[in-house]
Amino acid sequence: MSEYNPNQKAGHAVARLRAEAGVTQSTLAEKSGLDQSRISRIEKGEVVSSADIDRVLDALEELGVTNANNFKKYAERKWTQIEPPSFWNPERECLEITEDTLEEISNFLDAEERPWPLRRQIEKHRESLSRAANYLVRLNHNIAFIGDQGVGKSTGISFIFDLLVPPSATDKAINRPVLETGAGGTTFCEVHIKTGPEFGISLLPMNDAELRELVADFCASKWAINTNGLRDKGGETISVSREAERAIRNMSGLVRKKEIVDGKPIYNDPVNELVKSSDSEEEFRTQVLGLMRLEDRTRRELWYDSSTRKHPMEWVTETFKAVNNGRLSDVSLPMSIDLLIPSFSRNFGELEITVIDTKGVDDVAVREDLDHRLKDPRTKVVFCSRFNDAPGTSTRVLLQHMQKTFSERFDTGKVSILALPRAEEARSMKDDMGEHALTDSEGYEFKRMQVTSELSADDLAGIPLIFYNFESDDVNTVQAELFGQISYMRKSVEARLIDLCDATQDIIKNHEKQALNAALEEVANRLNTFLKGNRRLGARERLAHVEAINTARDVRYASTLWAATRRNGEYSGLNILHLVGVGAARDASLRSQRWFIGLDAFLKSLKADGDLALAGRSIDQIATSASESKRVFQEAVIRGGIEVYRDPLSQAPVWSTCASEWGRGPKFKLRVADHLEQWFTEKTELKEILENMINSLWEKSVIAPLLQLAQENSTED
């Protein structure tokens, strides 16, 4: 008799198998000899009797549901090596093979003492198999949309994923998106769209310190406008972002009032009156904070109430707009917003997809929040741009950043570019003869050739390019491309798993052959010799802080740098500390480049040696593991750079010096950059601490794993 683990949700599987086959509960009850009420309870998970579930599955099989027998076999399987995947996991068969292979590895290593080169190879394969399997077992993925403000990103997301109010609710298609849209500076924070139990909005509030810092920026800029004039002597301005100002004004009730005077609209700003009534900037700020009533803003969740008699998507649209603009008296400024839509993932197959609308790029593209998405292996990244500007400046910057900082490949489905054309833009494209495109499709191909050529020139070839005009293009085509690329991400890992399983099977099958053991030992000996002669990381190419200083000098808006100086360098729009970590990682990449090229040439020479043919798959796995080690090393260096400088930099008096530069004439950005460069230059001890850490991380992340394969007495830290 089969034993069903309740955790496998066999009853829910029965319900799905029956529904997909179009079989009614009454038909199934009759065929299985059970009451229909019993069938209903089984499907709800209230009955977990193995005998009853077996009878139902047998009945389904007799009714022509071929997957019923497959599910029985699946449910009978014992998973001891990896977490059991869903029966409907697209890569389940591969995961079953992986489970069997890991079981064979365990039995093989426990049976008797094995030669150390063989044991090390098998142990390394086991680690890699477990890591890749854990990736595929999970079905959750993100699709993160990144782009400059005002490119139409939120509009595109709304139409691609059917986040729209009914056509009857608005007179124009452009007004249908649930996500608030505008000419840029609209979305206050990152927005996540995901499946929820019902229509609702959940938010993570901004922490109190950050909220007060933002209000302080707003007050400082308004105080300066009313007391010293809007501009610095150099013509530079200080201000908060448009979306932040809107939210603060709404939360404090300081919205500008319109009056009609002589037939013309005049706006009166109550902020000006509040400034005039205050004796100091501190008093002004205190009054604004009091008006915001932060102590009352404790609500974190809002749920749709059908009694409103509104369509759920209309309610979501209105409520999201109110939250995003600070209009609700009991809701604080959000750090992130979750839009919860029932059955949002219904069109995504078996995958659980969260769509992420990131905060638009307005100035500095390399931001900590975006890096979190760029390096997350479960996130598909879509760079958005206007059609005429494609691929877009920020897209270029971030693609090069991914390449230099994370050694990211662009042939795995991880990245694509979404160009968002408006009416007639595609047909304005010209061919080599100067003739306009006759159709949108032809215009898209002209643009594809142009963008592909430009990206190839920047060593960014192979990135998929998607076009979508919500007014005329088929959204199903865009969805299919995006989901196909996520599938490709998973299939790349699946192919790696299959190769690992094959390599492991080869070793286990041929382990008694003297030639295999001799080949593995020879590979280990040669690898050991290579590491002895090529162990050290290359010399430092550039200082870690150079990236941060260059960004400070080149920042578009003085107000961005001004805000960073008021937060000891850790501002969401310009995080100097994060850029130091990025700079350290880019230096590490440059320093290790020659070493990895040498390793690649060395491994190719091993593959070319006919005497080592039996160890071919093991050599391939060494190359793959080394590539993974490079990524681990670079990410560790980012963290290392941040931690070395975190306390000294955040506590340094240089920030008050930098902030005081505002109002002292032209070239504020250059003066701040010079102060920072002097501080970094003087901190020679921090450079040495970071240098020692980088070399230590090199040993632990790259050299030690290879030494495990090369030396009998080596142990990984």
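As shown above, the structure is provided for reference.
No experiment lies behind these values; they were computed from the predicted model shown. (Residues numbered from 1 in each chain as written. Predicted model: local features only at pLDDT ≥ 70, side-chain atom pairs only at ≥ 80, totals over all residues. Heavy atoms only, no water.)

A.B. asks: Looking at this structure, how should I read the overall build of the protein chain?
C.D. replies: Check the secondary structure of the protein chain and you find 25 helices and 13 strands. In terms of overall dimensions, the protein chain has C-alpha extents of about 95 × 75 × 65 Å along its principal axes. Taken over 717 residues, the protein chain has a buried fraction of 53%. Nonlocal contacts in the protein chain, meaning residues at least 24 apart in sequence, comprise 74% of its contacts between residues at least 6 apart. A total accessible area of about 33000 Å² is found for the protein chain, and carbon and sulfur atoms account for 46% of it. (Helix = DSSP H or I, 4+ residues; strand = E, 2+ residues; numbered from the N terminus. Buried < 20%, exposed > 50% of the residue type's maximum accessible area, 1.4 Å probe, protein only. Contact = heavy atoms within 4.5 Å. Areas by Shrake-Rupley, 256 points an atom, 1.4 Å probe, with all protein chains shown as cover.)

A.B. asks: Sorry if this is basic, but what is going on with helix α3 (residues 36-43) here?
C.D. replies: Note: α-helices contain 3.6 residues per turn, so residues at a spacing of three or four share the same orientation. Within α3, burial applies to I39, S40, I42 and E43. Projection of α3 onto a plane perpendicular to its axis shows the buried side chains occupying an angular sector of 160°, all on one side. Packed against the buried residues of α3 are α1 (10-21), α2 (25-32) and α4 (50-62). At the C-terminal side of α3, G45 shows a positive phi close to 85°. (Arc of directions from axis to C-beta.)

A.B. asks: How should the sheet that holds strand β9 (residues 379-386) be read in this particular structure?
C.D. replies: What links the strands of a sheet is backbone hydrogen bonding, and the strands pair in either a parallel or an antiparallel sense. Spatially, nine strands are ordered β6-β3-β7-β2-β8-β1-β9-β10-β11 in an open sheet, and the strand pairing comes out mixed. Whereas interior strands pair on both sides, the edge strands pair on one side only; in this sheet they are β6 (301-303) and β11 (465-467). Geometrically, the sheet is characterised by an average inter-axis angle of 20° between neighbouring strands, direction not taken into account. Judged from the three bridges that link them, strand β3 (residues 200-205) and β6 form a sheet pairing that is antiparallel. Of the residues in β6, the one forming a bridge with S202 is E301. Helix-sheet contacts for helix α15 (residues 393-406) involve β1 (140-147), β9 and β10 (415-420), and the interaxial angle to β9 is about 150°. Helix α16 (residues 440-457) rests against β10 and β11 of the sheet, and its axis sits at about 150° to β11. (Pairing = 2+ DSSP bridges. Axes fitted to C-alpha atoms, helices over the stretch in contact; angles between N-to-C directions.)

A.B. asks: Can you help me understand the packing of α1 against α4 in this one?
C.D. replies: Describing two packed helices takes the angle between their axes plus the distance from one axis to the other. Packing of α1 against α4 leaves a shortest axis separation of 11 Å and a crossing angle of 15°. Comparing the axis directions of α1 and α4 gives the class roughly parallel. The chirality of how α1 crosses α4 is left-handed. Note on element contacts: α4 touches α1 through I53, V56, L57 and L60, opposite A10, V14, L17 and R18. Among the residues forming the contact of α1 with α4, the class breakdown is seven nonpolar, no polar and one charged. (Parallel < 35°, antiparallel > 145°, perpendicular 65-115°, else oblique. Left-handed = near helix turned anticlockwise from the far one by under 90°. Nonpolar A, V, L, I, M, F, W, Y, C, P; charged D, E, K, R; others polar.)

A.B. asks: Help me understand unusual backbone geometry, please; the structure alone is not making it clear to me.
C.D. replies: The bulk of non-glycine residues show a negative phi, and the bulk of peptide bonds are trans. The linkage connecting A390 with the following residue, P391, adopts the cis geometry, with an omega of 5°. Non-glycine residue K667 carries a positive phi angle of around 65°. Its location among the elements puts K667 in the loop between α23 (654-659) and α24 (668-682).

A.B. asks: Honestly, the nonpolar core in this entry has me stumped. Any pointers?
C.D. replies: If you look at soluble globular proteins, the nonpolar side chains tend to sit buried side by side. One finds F383 and W595 to be the most contacted residues of the largest nonpolar core, which totals 146 residues. With 14 residues, helix α21 (residues 576-608) is the single largest residue contributor to this core. Not counting residues up to four positions away in its chain, the partners in contact with W595 are F530, L531, N534, R535, R536, W698, V702, I703 and L706. Ranked by size, the runner-up nonpolar core spans 67 residues in total, among them F159, L274, L302 and V478. (Core = buried A, V, L, I, M, F, W, Y, C linked by side-chain atoms within 4.5 Å.)

A.B. asks: Just checking my understanding: could you explain α2 for this structure?
C.D. replies: Those residues of α2 not exposed but buried are Q25, L28, A29 and S32. Each buried residue of α2 sits inside an arc of 100° when the element is viewed along its axis, so together they form one side. Looking one or two residues past α2, G33 carries a phi angle of roughly 80°, positive in sign.

A.B. asks: Got a minute to help me understand the environment of E424 in this structure?
C.D. replies: With respect to the helices and strands, the residue E424 is situated in the loop between β10 and α16. Look at E424 and you get exposed, because its relative accessible area is 56%. Measuring from C-alpha to C-alpha, the distance between E424 and L465 comes to 19 Å, with 41 residues separating the pair along the chain.

A.B. asks: Sorry if this is basic, but what is going on with the environment of V23 here?
C.D. replies: Along the chain, V23 falls in the loop between α1 and α2. For the pair V23 and F596, spaced 573 residues apart in the sequence, the C-alpha separation amounts to 58 Å. When near neighbours in sequence (up to four residues on either side) are disregarded, V23 contacts R18, L28 and L63.

A.B. asks: Would you mind going over the packing of helix α22 (residues 616-650) against helix α25 (residues 684-710) with me for this structure?
C.D. replies: Direction vectors running N to C along α22 and α25 enclose 160°, while the axes themselves pass 9 Å from each other. Taken together, the axes of α22 and α25 lie roughly antiparallel to each other. For α22 against α25, the interelement crossing comes out right-handed.

A.B. asks: When you look at the pairing of β10 in this model, what are you seeing that I'm missing?
C.D. replies: Two faces belong to every sheet, and in a regular strand the side chains alternate between them. Along β10, six of the six residues are buried, which leaves the element largely enclosed by surrounding structure. Burial of the side chains of β10 extends over both faces: V415, I417 and A419 are buried on one face and S416, L418 and L420 on the other. With six bridges joining them, β9 and β10 adopt parallel strand pairing. Paired with R386 across the strands is L420, a residue of β10. What joins β9 to β10 is α15, and the crossover it makes is right-handed. The β-α-β motif built from β10, the intervening α16 and the parallel element β11 has right-handed crossover chirality. (Right-handed = clockwise from strand over helix to strand, strands pointing away.)

A.B. asks: Is there a simple way to think about the pattern of salt bridges in this case?
C.D. replies: Two side chains that carry opposite charge are able to pair once their charged atoms sit near each other. Applying the stated criterion to the full structure yields 55 salt bridges. For R249, the salt bridge goes to E245, with nearest N and O atoms at 3.0 Å. Pair noted here: R249 and E245 are both in helix α10 (residues 242-252), with a separation of four residues, about one helical turn. Accessibility classification places R249 together with E245 in one group, the buried group. Put simply, R386 and D389 hold a salt bridge, and the shortest N to O gap is 3.8 Å. Classification of D389 by relative accessible area gives partly exposed; the value is 44%. Here the residues in one salt-bridge network are K222, E245, R249, R256 and D269, joined through shared partners. (Salt bridge = Lys/Arg side-chain N within 4 Å of Asp/Glu carboxyl O.)

Treat this as a map of the structure, not an account of what it does.
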